[in-house]
Each structure stands twice: as structure tokens, then as C-alpha cells.
Amino acid sequence: MSAGQRLFQRGDPPCGLYAVLEGAVRIGAVNEQGKEALLSLVEPPHWFGEICLFDGQARTHDAFGVGQCTLLHIPQNALLALLDEQPVHWRQLALLMSQKLRMTFINLEQLSLMPAPTRLAHRLLMIAEGYGQIDEPRRVLQLPQEQLASMLSLSRQTTNQILKDLQGRGIIGLSYGEIEILDAARLRTLAPSKPDDNPL
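Here is a short report on the structure shown in this document.

1. Section: the overall build of the protein chain
Reasoning step 1: Counting its secondary structure elements, the protein chain contains seven helices and eight strands.
Reasoning step 2: Taken over C-alpha atoms, the radius of gyration comes to 18 Å for the protein chain, in line with the 16 Å a tight globule of 200 residues would show.
Reasoning step 3: Taking all 200 residues of the protein chain together, 36% fall into the buried category.
Reasoning step 4: Long-range contacts, defined here as pairs at least 24 residues apart, represent 66% of the contacts in the protein chain between residues at least 6 apart.
Reasoning step 5: Of the roughly 11,100 Å² of accessible surface on the protein chain, a fraction of 53% belongs to carbon and sulfur atoms.
Reasoning step 6: Put simply, the protein chain has 18 plus and 21 minus side-chain charges, and the middle of one group is 5 Å from the middle of the other.

2. Here's the deal with the packing of helix H3 (residues 90-113) against helix H4 (residues 116-128)
Reasoning step 1: For the pair H3 and H4, the least separation of the axes is 10 Å and the interaxial angle reads 160°. Taken together, the axes of H3 and H4 lie roughly antiparallel to each other. The interaxial crossing formed by H3 with H4 has left-handed handedness. Together, Met103, Ile106, Asn107, Gln110 and Leu111 of H3 and Arg119, His122, Arg123 and Met126 of H4 make up the contact between the two elements.
Reasoning step 2: The class makeup of the residues in the contact of H3 with H4 is four nonpolar, three polar and two charged.

3. Considerations on the nonpolar core
Reasoning step 1: In this structure, Leu120, Leu124, Leu143, Leu148, Leu166 and Leu187 are the most contacted members of the largest nonpolar core, which totals 26 residues.
Reasoning step 2: Counting only elements with at least two residues in this core, the list comes to strand E3 (36-42), H4, helix H5 (145-152), helix H6 (156-168) and strand E8 (178-181).
Reasoning step 3: Ranked by residue count, the leading element in this core is H4, at seven residues.
Reasoning step 4: If we ignore the near neighbours within four places in the chain, the residues touching Leu143 are Leu41, Leu124, Ile127, Leu148, Met151, Gly177, Glu178 and Ile179.
Reasoning step 5: Phe8, Tyr18, Phe48 and Cys69 belong to the second largest nonpolar core, which has nine residues in total.

4. Some words on the side chain of His122
Reasoning step 1: Note that His122 resides in helix H4.
Reasoning step 2: With residues up to four places along the chain from it excluded, the contact list for His122 reads Ile106, Gln110, Ala191 and Pro192.

5. Re H6
Reasoning step 1: Look at H6: 18 Å from first C-alpha to last across 13 residues, which is about the 18 Å you get at 1.5 Å a residue.
Reasoning step 2: Within H6, burial applies to Thr159, Ile162, Leu163 and Leu166. Mapping the buried residues of H6 onto a view down its axis gives an arc of 95°, with all of them on the same face. Exposed side of H6, more than 90 degrees from the buried face: Gln157, Gln161 and Gly168 are the residues found there.
Reasoning step 3: On its buried face, H6 is in contact with H4, H5, strand E7 (172-175), E8 and helix H7 (184-189).
Reasoning step 4: Looking one or two places after H6, you find Gly170, whose phi comes out positive at around 75°.

6. Overview of the sheet that holds E7
Reasoning step 1: A sheet is described by the order of its strands in space; here three strands give the open sequence E6-E8-E7, paired in antiparallel fashion. Looking along the sheet, the strands with just one partner apiece sit at the ends: strand E6 (140-142) and E7. Averaged over all pairs of adjacent strands, the angle between strand axes in this sheet comes to 20°, irrespective of strand direction.
Reasoning step 2: Pairing between E6 and E8: three bridges, direction antiparallel. Paired with Val140 across the bridge in E8 is Glu180.

Definitions and cut-offs
Sequence order as written defines residue numbering, which begins from 1 separately in each chain. Residue-level local features of this predicted model are given only where pLDDT is at least 70; pairs of side-chain atoms are given and counted only at 80 or more, and the full residue set underlies all totals for whole chains, interfaces and linings. Side-chain figures throughout are based on the complete set of non-hydrogen atoms in the structure, without hydrogens or water. Only DSSP runs of H or I covering at least 4 residues are called helices, and only runs of E covering at least 2 are called strands; the numbering of each starts at the N terminus. Two things to know: the radius of gyration comes from C-alpha atoms, and the globule rule equals 2.2 Å times the number of residues to the power 0.38. The buried label applies to any residue whose accessible area, calculated with a 1.4 Å probe on protein chains only, is under 20% of its type's maximum; exposed applies above 50%, and partly exposed to all values in between. Two residues form a contact once any of their heavy atoms are found within 4.5 Å. The Shrake-Rupley method, run with a 1.4 Å probe, gives the accessible areas here. Residue values count only the displayed protein chains as cover. We count Lys and Arg on the positive side and Asp and Glu on the negative side, and we leave His and both chain ends out. Taken as the charge centre is NZ of Lys, CZ of Arg, CG of Asp or CD of Glu, depending on the residue. Fitted lines through C-alpha atoms give the axes, limited to the stretch in contact for helices. The angle between two N-to-C directions lies from 0 to 180 degrees. Just so you know how the angles are binned, under 35 degrees is roughly parallel, over 145 roughly antiparallel, 65 to 115 roughly perpendicular, and the rest oblique. Left-handed describes a crossing whose near helix is turned anticlockwise from the far helix by less than a right angle; the clockwise case is right-handed. Three residue categories are used. Nonpolar comprises Ala, Val, Leu, Ile, Met, Phe, Trp, Tyr, Cys and Pro, charged comprises Asp, Glu, Lys and Arg, and polar comprises the others, including Gly. Each nonpolar core is a collection of buried residues, namely Ala, Val, Leu, Ile, Met, Phe, Trp, Tyr and Cys, held together in the definition by side-chain atoms within 4.5 Å. The span one expects for a helix is its residue count, reduced by one, times 1.5 Å. By definition, the arc is the one covered by directions from the helix axis to the C-beta atoms. Here, any two strands with at least 2 DSSP bridges between them count as paired.

See below:
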């Protein structure tokens with residue numbers, strides 16, 4: 001899949017389940033004024049597209065490739081036929097869906113209760129840890145500031161100010177399109193798991 005290529009858009013019919021093997025896929029929506037809401041940046045080894053598998057309805061959001069990426073695609077009809085034969089696998093798909101729902105609730109709670117610096121620190125750690133799906137956290141994140149700002153519903157200026165502050169404190173390093181976590185332990189102190197346990 002080439003950079004910027006659209007995989008599907010909101011309203012498209014179900015086309016199956018996808019896994020990101022290399023690169024990343026941007027999941028979001030664009031309003032009539034052209035403003036984008038970035039909901040998620042899907043990276044290896046994550047799956048996406050499972051909602052339509054459960055309800056058979058149209059795609060809820062747009063999906064675009066970020067840079068060059070390689071995907072694994074299981075067509076809708078083939079997967080449904082397999083699940084009819086071996087329904088035990090529905091449990092794994094339900095676990096995938098429940099994980100996404102859990103993350104959605106966490107993000108909504110943070111948006112309502114956590115200040116911007118705490119939310120940003122928490123999201124950087126989550127991305128570095130592959131949202132709990134990778135064994136060894138990544139040190140360098142391929143994440144432009146505009147995309148991070150969109151994911152957190154923050155302005156580009158606010159996001160840049162928070163990142164510059166973290167850089168000045170030696171917690172992260174910044175370069176074009178990348179954020180390097182220099183001190184994960186200190187970053188973690190800024191991102192408590194409970195919104196009411198906020199040190200900032």
C-alpha cells in the first residue's frame with residue numbers, strides 16, 4: 001500500500017479484516033470543511049476493521065496508508081465462512097473488539113478529566129508500548145506533531161508547547177516526524193493511570 005492511499009472510506013460496504021504488518025494506517029474522519037479528526041494510528045501488529053464483521057454495516061471511518069505499508073487482508077465473506085465452520089474463533093474477535101472499546105472509554109475519560117500535558121504523556125507511552133500488544137516498548141515513535149495533536153484533540157500550538165517543555169526537561173527528543181522517548185520512567189510519572197491522581 002503506497003503513502004496516502006485510501007483503503008476504505010466512511011460509508012463503504014464491509015470488506016473484511018486487516019492487520020498492519022509494516023508501516024501504519026491512519027483511521028479518522030474529515031468533515032465538510034476539510035478538517036480531519038484522527039482517531040487512531042494503527043501500527044504492527046494490530047488488527048482493524050472488525051466492527052463491520054460483527055454488524056455487517058458500512059464502514060464508520062476512513063482509512064489511509066501512512067508512508068509505505070504492508071497489510072494482511074482477510075475478505076469479509078471468507079472470514080464469515082470460516083467463523084460459521086469454527087465459531088470458537090468469534091471469542092478472539094470479541095476480545096479484539098473489547099480491547100478497542102476499553103481504549104475508547106479510557107480516551108474519553110482522559111479527554112474529560114485530564115489536563116493536556118498528562119494526556120499527551122499517557123498517549124506517548126501507550127503508543128510506545130503498542131497499546132499493550134508488544135513485549136519491548138519502542139524508543140522512537142514515527143509520529144508527526146500534527147497527528148499527535150489531532151489524536152488528542154489539541155491545537156498544534158499547544159501540542160508543540162508541551163513537547164518542547166518535555167524536550168527541555170530531557171524526557172523526550174524531537175526531530176522531523178519523530179519523537180524519541182529518552183526517559184520513560186520520568187514520562188510515566190507524568191501519566192498516572194487514574195485521572196484524579198494527577199501530579200501536574
